[in-house]
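Observations on the model geometry
Below, each chain spelled out in residue letters.
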Amino acid sequence: MKAVVLEAQDALTVKDVPDATAAKGKALIRVSGTGICATDVKILTGGIPVTYPLIMGHEIVGELIDGGGKNGAKPGDPVLVDPVLTCGKCYYCQHGQANLCPVGGLIGRDQDGGFAEYVSVPSSNVYPLPDSIDLTAAPMIQVLTTCHHAHERAAIQPGEAAVITGLGVTGQMNIQLAKAAGASPVIGISRTASKRDLALELGADIVASHGEEALKVTREATDGRGADVIIESVGALAVLGETMDLARIGGRIVPFGIYTGTQAEMPFYQFYFKELSILNARAAFARDFPASIDLVASGKVRLEPLLSHALPIERADEAIHMLMEPGSDRMKVVLTY
Ligand SMILES: [Zn+2]
Ligand SMILES: [Zn+2]
């Protein structure tokens, strides 16, 4: 089968490798599309250490070939893969926090993933997709599961003012989930005009750029109080600091972007004075998969507008490098087979 193989740091080649096969308890999937995200970039560039050679790819959609899914998928069905591997035995797995399993792993990081024509994954990690869902955009449902988990943590109540900072792929999903939860108003913050326009199309009531403009519109929309809840979807410490200014006294902040920086100036006094709740969200639960599939099937969350590039597997190197261009208005990039 044709696969994109990471042979060493920054060394990606497309080549023929032996076909993936399904062992006992595993499903075999003919991959139709795999999304690329910042995690893949960090694996490529060595920021996330892995064992070489590795076939990356954790946002996987395809056709189930063999080894029926435990969640009702039959051979021939279009399916989505939950890439999170858990042990099922540790303290966290036994206490409803399997997303935090310390001996778990990720398909496409700790074992071969979806940048290939075929992939083998545990049967319990396979979910059937309804025919109504567009398969090219469907790898983004894995991304949506992580947003869905974050929203469970945020617990937005109808009528609450929600701010989403950052309007990339996850920011636009967070806009749609906040709207579906009944947040009002939903305020989207981005420096990029095209992303603000898309957020308005997908359910944002108000949009603004970062800084003074964000503070002004948020105050105006909340009788001067500030937002009840903010979901930070950029992953930059400076923006995390901004959320503390945008939150009302007693507000909640979900630092959804992943922060690798260790030093920043922040209005730390606000932590105390506003009695802010900081709610982190890591990965997703198995139950977030059927819930996210339903959100897309029902049209509450639209994925097609978030897909900007679908490139054939042969152009994998070019595709992943698109994610490394700063300030681009690119949205989701998916590899197709
Ligand atoms: Zn990803
Ligand atoms: Zn575990």
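A brief report on the enclosed structure follows. All of these numbers come straight from a predicted model, not from anything done at the bench.

1. Considering the coordination of the zinc ion (ligand 1)
Around a metal, the idealised angle for a tetrahedral arrangement of four donor atoms is 109.5 degrees; for an octahedral arrangement of six donor atoms it is 90 or 180 degrees. Within the protein, the atoms that donate to the zinc ion (ligand 1) are Cys37 (SG), His58 (NE2) and Glu59 (OE), at distances of 2.1 to 2.2 Å. Between the donor residues of the zinc ion (ligand 1), the gaps in sequence give the motif C-x20-H-E. Glu59 shares its class with His58; the two are buried.

2. Notes on the coordination of the zinc ion (ligand 2)
Within the protein, the zinc ion (ligand 2) binds to Cys87 (SG), Cys90 (SG), Cys93 (SG) and Cys101 (SG); these donor distances fall in the range 2.3 to 2.4 Å. Geometry at the zinc ion (ligand 2) is tetrahedral, judged from the 4 donor atoms that bind it and their angles of 106 to 116° at the metal. Here the donor residues of the zinc ion (ligand 2) share one chain and are spaced in sequence as C-x2-C-x2-C-x7-C.

3. Section: the pattern of salt bridges
Pairing is possible between side chains of opposite charge, provided their charged atoms come close. One pass over the structure, following the stated rule, counts 13 salt bridges. Among the ionic pairs, Glu318 bridges to Arg315, the shortest N-O distance being 2.9 Å. A relative accessible area of 40% means that Glu318 is categorised as partly exposed. Classification of Arg315 by relative accessible area gives partly exposed; the value is 37%.

4. Notes on unusual backbone geometry
Cis rather than trans, the peptide bond between Tyr52 and Pro53 has omega equal to -10°. Looking at the element boundaries, Pro53 is found in the loop between helix H1 (38-44) and strand S4 (59-66). The linkage connecting Ser184 with the following residue, Pro185, adopts the cis geometry, with an omega of -5°. Tracing the backbone shows Pro185 in the loop between helix H4 (169-180) and strand S11 (186-189). At Asp223, a residue that is not glycine, the phi angle is positive and equals roughly 50°. Note on placement: Asp223 falls in the loop between helix H6 (212-221) and strand S13 (227-232). Judged by its relative accessible area of 72%, Asp223 falls in the exposed class.

Criteria and thresholds
- Residues numbered from 1 in each chain as written.
- Chains lettered and ligands numbered in written order.
- Predicted model: local features only at pLDDT ≥ 70, side-chain atom pairs only at ≥ 80, totals over all residues.
- Heavy atoms only, no water.
- Donors = N, O, S within 2.8 Å, 3.2 Å for Na, K, Ca; no water.
- Buried < 20%, exposed > 50% of the residue type's maximum accessible area, 1.4 Å probe, protein only.
- Tetrahedral: all angles 85-135°; square planar, octahedral: opposite > 155°, others 65-115°.
- Salt bridge = Lys/Arg side-chain N within 4 Å of Asp/Glu carboxyl O.
- Helix = DSSP H or I, 4+ residues; strand = E, 2+ residues; numbered from the N terminus.

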